[in-house]
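Inside the fold
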Amino acid sequence: MFFENSDCDKPSVIIILSGKRKCGKDYIADLLFKRFSEKEAVIIRLSGPLKQQYALENNLNYEKLLGASQYKEVFREKMISWGEAIRNRDPGYFCHHAIQQSQATFKKVWIISDARRKTDIEFFLSKYPTKTYTVRISASDTVRKKRGWNYTEGVDDCESECGLDTYKEWNFHILNDNDEQMSEGLDRLLQSVDAK
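Keep in mind the model is a prediction, meaning the values are calculated, not measured.

Conventions and cut-offs
Residues numbered from 1 in each chain as written. Predicted model: local features only at pLDDT ≥ 70, side-chain atom pairs only at ≥ 80, totals over all residues. Heavy atoms only, no water. Helix = DSSP H or I, 4+ residues; strand = E, 2+ residues; numbered from the N terminus. Buried < 20%, exposed > 50% of the residue type's maximum accessible area, 1.4 Å probe, protein only. UniProt positions renumbered as here; feature names shortened; annotations may be inferred. Contact = heavy atoms within 4.5 Å. 1 Å grid on protein atoms, 1.4 Å probe; cavity = no way out; pocket = protein on both sides within 12 Å on 5 of 7 lines; lining within 4 Å. pLDDT = per-residue confidence, 0-100. Pairing = 2+ DSSP bridges.

**Examining unusual backbone geometry**
What you tend to see is this: most non-glycine residues have negative phi, and most peptide bonds are trans. With a phi angle near 55°, Asn59 is a residue other than glycine that sits in the positive phi range. By the element assignment, Asn59 lies in the loop between helix 2 (47–58) and helix 3 (62–66). Its identity is not glycine, yet Gln103 carries a phi of approximately 55°, on the positive side. Its location among the elements puts Gln103 in the loop between helix 5 (93–101) and strand 3 (109–115). When its relative accessible area of 52% is taken as the criterion, Gln103 is described as exposed.

What follows is the structure, given as structure tokens:
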């Protein structure tokens, strides 16, 4: 079992989730969190520090920017451009701050809920190569539309949505068009994690 590590500042396992808008990343992150318990696990949202700083600089509601509301959609395009400028200077900036913001160093299981770029994955793989699982979550456009997704130019065609489309090194793929598919993929992932 992977919880033998007693060094609290080093995770025992890192699960990186990635996928398009409305594919179910947050839902799966929440299921994983419940599986491992609040005592052992933390959800790290890489977009958290970005949204927090953007909210501060623009006098916006940070909590509303975190949710899946229309409020976030109004600011999404400008927020993406702002974040890209920071990443161009320091690719690991938001990863590092997301770990601090979530107080992840006190937890054994890190669930990264929203990897969007190769640099996000490289950040964790470079530091924890044997503890990191990369997971691509997919859902059909039809299902994503039923969940509220509409294609938005300047959002769905930019790096924050397409940066990992060509990434091929996924440890797992989870199809999430329905609960049965999702459960099968999640079970395969958890069996592999538990076997460590």
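**Let's talk about the UniProt feature "binding site: substrate" (unreviewed entry) in the chain**
Residues annotated by UniProt as "binding site: substrate" (unreviewed entry) correspond here to Asn176. When you line up the elements, Asn176 lands in the loop between strand 5 (172–175) and helix 9 (179–195). For Asn176, a relative accessible area of 4% puts it in the buried group. Setting aside its immediate chain neighbours within four residues, Asn176 contacts Cys23, Gly24, Ile28, Ile137, Ser138, Ala139, Val143, Arg147, Gln181 and Met182.

**Some remarks on the UniProt feature "binding site: ATP" (unreviewed entry) in the chain**
When the UniProt feature table is mapped onto this chain numbering, "binding site: ATP" (unreviewed entry) sits at Lys20, Arg21, Lys22, Cys23, Gly24, Lys25, Asp26 and Arg147. What stands out for the annotated residues spanning 128 residues is how close their C-alpha atoms remain, the widest pair being 12.6 Å apart. Of the residues named above, Lys20 line the largest cavity. For Gly24, the position within the fold is in the loop between strand 1 (13–19) and helix 1 (25–36). Judged by its relative accessible area of 16%, Gly24 is buried. Checked against the element boundaries, Lys25 lands in helix 1. Classification of Lys25 as buried rests on a relative accessible area of 9%. Apart from the residues within four sequence positions on either side, Lys25 is in contact with Leu17, Ser18, Gly19, Lys20, Ser113, Asp114, Arg116 and Ile137.

**A word on the confidence of the model for the chain**
In the predicted model, the chain carries a mean pLDDT of 89, and the fraction of residues at 70 or more is 94%. Highest mean pLDDT in the chain belongs to strand 4 (residues 132–138) (98); lowest belongs to helix 3 (84). With pLDDT under 50 throughout, residues 1–8 is counted as low confidence; its partners more than four residues away or in other chains account for 25 contacts.

**Considering the pairing of strand 5**
Along strand 5, the buried face is formed by Phe172 and Ile174; none of His173 and Leu175, which line the opposite face, is buried. Note that strand 4 and strand 5 share four bridges and pair parallel. The residue of strand 5 that forms the bridge with Arg136 is His173.

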